[in-house]
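Secondary and tertiary structure notes
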Amino acid sequence: MTETAQRRTALVVGGTSGLGLAVGRRLADADFRVALAGRRVDIARREAAELAAGLGVALDVTDTSSIAAAVTEVREHLGPIDVVVLNGGGPPRSEAAGLDLAAARAAAELLLHGPIDVLNRCLPAMRERG
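Here's what I pulled together on the structure shown here. None of the values given here were measured: they were computed from a predicted structure.

1. Thoughts on the nonpolar core
Counting residues in each nonpolar core, the largest one holds 18 residues, and the members touching the most others are Leu11, Leu59, Val74, Ile81, Val118 and Cys122. Elements supplying a minimum of two residues to this core: β1 (9–13), β2 (33–38), β3 (54–58), α4 (64–78) and α5 (101–129). The contacts of Ile81, once residues within four sequence positions are left out, are Thr9, Leu11, Val71, Val74, Arg75, Cys122, Met126 and Arg129. Ranked by size, the runner-up nonpolar core spans eleven residues in total, among them Leu36, Ala48, Leu51 and Val85.

If you want it as structure tokens, here you go:
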């Protein structure tokens, strides 16, 4: 365990299953403090309890107040965020010719706007710390 890694905190968005959970576990194995974040907070908390220094937090990337609350909770419980992993499921599959405009807007919120909000809340402090 390196002293640098020991002090690092990672926020894993979409960390309740699949790739996000796997990344969170690997970061924990590398001695990072890991916040597993997702809409299914019960699963996030259960999975985080299995990590050496884990925290499960509620985070819905389509809700700005949820993003703000999650980032604040991670900072309060694990310290400054050093690594942000943006992960999440995509919209339901469909053919381009039949794509519903409302579904496309929801997908943009989920895959683009929400992650930008997460980064905007984390990057300034990350840059300050170098």
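There's more to say after this.
2. A short note on the side chain of Thr16
Relative to the helices and strands, Thr16 resides in the loop between β1 and α2 (18–29). A polar contact of 2.9 Å, which involves the side chain of Thr16, links it to the side chain of Arg40. Leave out the neighbours within four places in its chain, and Thr16 touches Leu21, Ala37, Gly38, Arg40, Ile43 and Ala44.

3. Re the sheet that holds β3
With respect to topology, four strands assemble into an open sheet ordered β3-β2-β1-β4, the strand pairing being parallel. In this open sheet, the two edge strands, each paired with only one partner strand, are β3 and β4 (83–85). Averaged over all adjacent pairs, the angle separating strand axes in this sheet is 20°, with direction ignored. Taken strand by strand, α2 contacts β1, β2 and β4, and its axis lies near 165° from that of β2. Those strands touched by α4 are β1, β2 and β3, and its axis lies near 160° from that of β3.

4. Points about unusual backbone geometry
Notably, Asp31 is not glycine yet its phi reads approximately 70°, a positive angle. Owing to a relative accessible area of 27%, Asp31 belongs among the partly exposed residues under this scheme.

5. Observations regarding α4
For α4, with 15 residues, the first-to-last C-alpha span of 21 Å sits near the 21 Å given by 1.5 Å per residue. Among the residues making up α4, those that are buried are Ser66, Ile67, Ala70, Val71, Val74 and Leu78. Each buried residue of α4 sits inside an arc of 130° when the element is viewed along its axis, so together they form one side. Lining the buried residues of α4 we find β1, β2, β3 and α5. Within two residues after α4, Gly79 carries a phi angle of roughly 100°, on the positive side.

Quick notes on the rules
- Residues numbered from 1 in each chain as written.
- Predicted model: local features only at pLDDT ≥ 70, side-chain atom pairs only at ≥ 80, totals over all residues.
- Heavy atoms only, no water.
- Core = buried A, V, L, I, M, F, W, Y, C linked by side-chain atoms within 4.5 Å.
- Buried < 20%, exposed > 50% of the residue type's maximum accessible area, 1.4 Å probe, protein only.
- Helix = DSSP H or I, 4+ residues; strand = E, 2+ residues; numbered from the N terminus.
- Contact = heavy atoms within 4.5 Å.
- Polar contact = N/O pair within 3.5 Å; in protein donor to acceptor, adjacent residues only side chain to side chain.
- Pairing = 2+ DSSP bridges.
- Axes fitted to C-alpha atoms, helices over the stretch in contact; angles between N-to-C directions.
- Expected span 1.5 Å × (residues − 1).
- Arc of directions from axis to C-beta.

Honestly, that's just the spatial picture; any functional story needs more than this.
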